[in-house]
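Fold and geometry: a report
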Amino acid sequence: MTEPTIKTSRAWLLDFGYHLQAAVGLHEMRQVLIAPELFDVPCTPAYCSEVVLFQQLILPIFDIPRLLVGRQIMTSRHVIGIAVYQEDPNQPLHYGGLHLITTPTSIYVNDDQVCELPAQQQYWEPFAISCFFHQGIAVPIINLSYLFSAQFNRRQQEKINN
Amino acid sequence: MKTAAKVTTPQHNLYRYVLLRFDERYLFVPQADVHAVEIIADAHLTRTTTGSVGWFGHGSESPLFCLDKALMLLLEVPETREYFVLFKAAKQPIGLTCDEVENINLQREHLHRQKLPTVMKTTYSPISQLVIYQSQLGCVCQGTDLVHYLTQLSKQFMQSRR
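Report on the accompanying structure. (Residues numbered from 1 in each chain as written. Chains lettered and ligands numbered in written order. Predicted model: local features only at pLDDT ≥ 70, side-chain atom pairs only at ≥ 80, totals over all residues. Heavy atoms only, no water.)

A look at the nonpolar core
If you look at the biggest cluster of nonpolar residues, it comprises 61 residues, and the most contacted ones within it are Phe16, Phe62, Leu98, Trp124 and Phe127 of chain A. With five residues, the top contributor of residues to this core is helix H1 (residues 143-161) of chain B. Excluding residues that lie within four positions of it along the chain, phenylalanine 62 of chain A makes contacts with Tyr47, Cys48, Leu67, Gly97, Leu98, His99, Leu147, Phe148 and Phe152 of chain A together with Val119 of chain B. (Core = buried A, V, L, I, M, F, W, Y, C linked by side-chain atoms within 4.5 Å. Buried < 20%, exposed > 50% of the residue type's maximum accessible area, 1.4 Å probe, protein only. Helix = DSSP H or I, 4+ residues; strand = E, 2+ residues; numbered from the N terminus. Contact = heavy atoms within 4.5 Å.)

Concerning unusual backbone geometry
Unusually for a residue other than glycine, alanine 35 of chain A sits at a positive phi of about 50°. In this fold, alanine 35 of chain A is placed in the loop between strand S3 (29-34) and strand S4 (38-40).

A look at H1 of chain B
All names here are of chain B. Compared with the 27 Å implied by 1.5 Å per residue over 19 residues, the 27 Å span of H1 between its first and last C-alpha is a close match. Taken residue by residue, H1 has Gly143, Leu146, Val147, Tyr149, Leu150, Leu153, Ser154 and Phe157 as its buried positions. Summarising the axial view, the buried residues of H1 lie within an arc of 160°, below the 170-degree limit, and thus occupy one face. Of the residues in H1, the exposed ones pointing more than 90 degrees away from the buried face are Thr144, His148 and Gln159. The inward-facing, buried residues of H1 contact strand S2 (25-30), strand S6 (62-65), strand S7 (83-87), strand S8 (94-98) and strand S12 (136-141). (Expected span 1.5 Å × (residues − 1). Arc of directions from axis to C-beta.)

Quick look at the pairing of S12 of chain B
Put simply, side chains in a regular strand alternate between the two faces of the sheet. Residue and element names in this part refer to chain B. Most of S12 is tucked away: five of the six residues are buried. Two elements, strand S11 (residues 127-133) and S12, share six bridges in a ladder whose sense is antiparallel. Bridging across to S12, leucine 130 finds its partner in cysteine 139. (Pairing = 2+ DSSP bridges.)

A short note on the sheet that holds S8 of chain B
Residue and element names in this part refer to chain B. Strand order in the open sheet formed by six strands is S3-S7-S8-S6-S5-S4, with mixed pairing between adjacent strands. At either end of the open sheet lies a strand with only one pairing partner, and these are strand S3 (34-39) and strand S4 (44-45). Where strand S5 (residues 54-56) and S6 come together, three bridges link them in antiparallel fashion. Bridge pairing in S6 places tryptophan 55 opposite proline 63.

Structure follows, in structure tokens:
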């Protein structure tokens, strides 16, 4: 009898500070910008109020701690991960920035690391595709296309307006 | 009464914009949405109950508003504000003060506007597009959206005083 093969995938481990860590697929992180110039945009949500210029594109930058725990990411230098996502396979690629406290770490993830999203981390639930156990903590995998979507924005605006 | 610069739009040109600068904020508004540009010395500056910083004109006065970098109401006019731009509105034009104002042809300047990223949209924002101009971020607003935004700010100001 052959043993079931365990699938291994590569991913980027992202550290947002405040003990908030998450992962994205290897091909979902295009580049990391160290201390780029950021521009603030007025009348925007607190969790996404800055943009960065990347290859002639003006990209929104998501501040995950601001969204999840209401605290602004604190770092002496800006580290911006340029994430790439597709709304569906027939759509063009889109880019978006993520505020990080350090450069992403490349990791290997096995199928047998899959776990449930812990009760105390349920704030990830709306945009976590799944979750895996890594070095003693549960790490959610972010659904980037949802995070940057109109649907997500609508939900957040409804919460704020109600 | 001196007129700093009358903006005329004999032909509607999609690329002709008026750039207002204040507090390091760059606002681009279509020239077709602008009634006139005037110098601040011609305004009647006074505290009002509507959040405006004064009036312009005789008979049907136009309210003048002053915003800071975050596009929030300022009740005192900073000394750097030398002009105000009157935007076309249903009843009477509505004014916004600025430090500097100039006409910009986006096409001639090779400026490429990009839509405000979906994730940055809010129900109250007057900003529809972003553009990089002279290494700064410019916010593109339609005149009607800016007038609506100023009107809403004024309503909120009056409600907060009750």
